[in-house]
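# An overview of the molecular structure
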Amino acid sequence: MVRQFTLILACLTLYACGGSDGNSPLSSTGKYPVVVKMGAFTTAGYFQYLIPTAHAAVSDLQLCFKRLRFKKSITDIDDPLVDENVDLQLGNVTISSAGTDLSIVNIPADTYYRIEFDLEPTCAGKSVSLSNTFGTFTSTESMKIKFEGVFLVDGTETLQLGVQDILNAANAYKGTGTIRAALQAVSGNY
């Protein structure tokens, strides 16, 4: 009985505080809050389970986030007119193997086929800082990291991004070529 009363009270509070600014999950504008998270990953290679090494390949990965893009069309994936862009005020974020909470953004109801993050060198002049078995590397280039799948927004949602393929590329980076080329050559999923 107490739980039911608490649930009813919470729903009434959400409804009463919704306002008309489009930020409420019950908004008539069709924008809904989406909790954006990077999922957990492992930096251990397959052989590390049989022959352990002194340390995992990626010991530190920091990304400087500027913008988040939700792509609505598979056929026009590079058309900015079908994007939903959200400027982020995250700055430099250390990516954790246990998963990383990024932000809550308000997105219109729709189906999205690709999610992209723009990384910019606005965090102490770096877009990426990476330490792995092969050394410590940084990038001052703007770049995108992308995630592909189907994401339907029709209410309050949680977007869990699979980052394992991106971390595998970071694990393998040896300083040959650019970090940008290594990270943009792969996609995560959701």
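Each chain carries its own residue numbering, running from 1 in the direction its sequence is written. In keeping with the predicted nature of the model, local features appear solely for residues at pLDDT of at least 70, side-chain atom pairs appear and are counted solely at 80 or more, and the whole-chain, interface and lining totals rest on all residues. Computation of side-chain values covers all heavy atoms of the structure but excludes hydrogens and water.

## What to know about the environment of Val-93
Spelled out, the test is: Numbering goes from the N terminus for both helices and strands, where a helix is a DSSP run of H or I of at least four residues and a strand is a run of E of at least two. Classification of residues uses two cut-offs on accessible area relative to the type maximum, computed with a 1.4 Å probe and protein chains only: under 20% is buried, over 50% is exposed, and between them is partly exposed. Whether two residues are in contact is decided by their heavy atoms: any pair within 4.5 Å suffices.
Turning to its location among the elements, Val-93 is positioned in strand β3 (residues 83-94). Taking the relative accessible area as the measure of exposure, Val-93 reaches 12% and is therefore buried. Separated by 35 residues in sequence, Val-93 and Val-128 have C-alpha atoms that sit 9.7 Å apart. Filtering out sequence-adjacent residues up to four positions away, Val-93 remains in contact with Leu-61, Gln-62, Leu-63, Phe-65, Thr-100 and Leu-102.

## A look at helix α2 (residues 164-172)
By the burial criterion, the buried members of α2 are Ile-166, Leu-167, Ala-169, Ala-170 and Asn-171. The inward-facing, buried residues of α2 contact β2 (60-71), β6 (128-132), β8 (143-153), α3 (179-184) and β10 (187-189).

## Remarks on the nonpolar core
Applicable threshold: The term nonpolar core refers to a set of buried residues drawn from Ala, Val, Leu, Ile, Met, Phe, Trp, Tyr and Cys, joined through side-chain atoms within 4.5 Å.
One finds Met-38, Phe-65 and Phe-117 to be the most contacted residues of the largest nonpolar core, which totals 40 residues. Discounting chain neighbours no more than four positions away, the residues touching Phe-65 are Met-38, Leu-88, Leu-90, Gly-91, Val-93, Ile-95, Leu-102, Phe-117, Asp-118 and Leu-119.

## Section: the state of the cysteines
The test is simple: Two cysteine sulfurs form what is called a disulfide whenever their separation falls within 2.5 Å.
One pass over the full model with this rule turns up 1 disulfide. The side chain of Cys-64 participates in a disulfide bridge whose partner is Cys-123; the two sulfur atoms lie 2.0 Å from each other. Classification of the bridge connecting Cys-64 and Cys-123 rests on its S-S torsion, roughly 70 degrees, and on that basis the disulfide is right-handed. You can see Cys-64 sitting in strand β2 and its partner Cys-123 sitting in the loop between β5 (110-119) and β6, a full 59 residues away along the chain. Taken individually, Cys-64 and Cys-123 each receive the classification buried, so the pair is uniform in this respect.

## Some remarks on the packing of aromatic side chains
Going by this rule: Between 30 and 60 degrees the pair is tilted, below 30 it is stacked and above 60 it is edge-to-face, where a pair is any two Phe, Tyr or Trp rings, Trp via its six-membered ring, whose centres lie within 6.5 Å.
Counting across every chain of the model gives 5 aromatic pairs. For the pair Phe-65 and Phe-117, a centre-to-centre distance of 4.9 Å together with 70 degrees between the ring planes defines the contact as edge-to-face. Placement of the pair is Phe-65 in strand β2 and Phe-117 in strand β5, with a sequence separation of 52 residues. You'll find Phe-65 and Phe-117 in the same group, each marked buried. Taken together, the aromatic side chains of Phe-65, Phe-117 and Phe-147 make up a single cluster linked through ring pairs.

## So, the confidence of the model for the protein
For clarity, the cut-off: Every residue is assigned a pLDDT by the predictor, reflecting its confidence on a scale from 0 to 100.
Overall, the predicted model of the protein reaches an average pLDDT of 82, with 73% of residues at or above 70. Mean pLDDT in the protein bottoms out at helix α1 (residues 2-17), which sits at 37, and peaks at α3, which reaches 98. Low pLDDT, under 50, characterises residues 1-24; the predicted model gives this stretch 9 contacts beyond four residues in sequence or across chains. Across residues 47-56, confidence stays below pLDDT 50; counting only partners more than four residues off in sequence or on other chains, it has 9 contacts.

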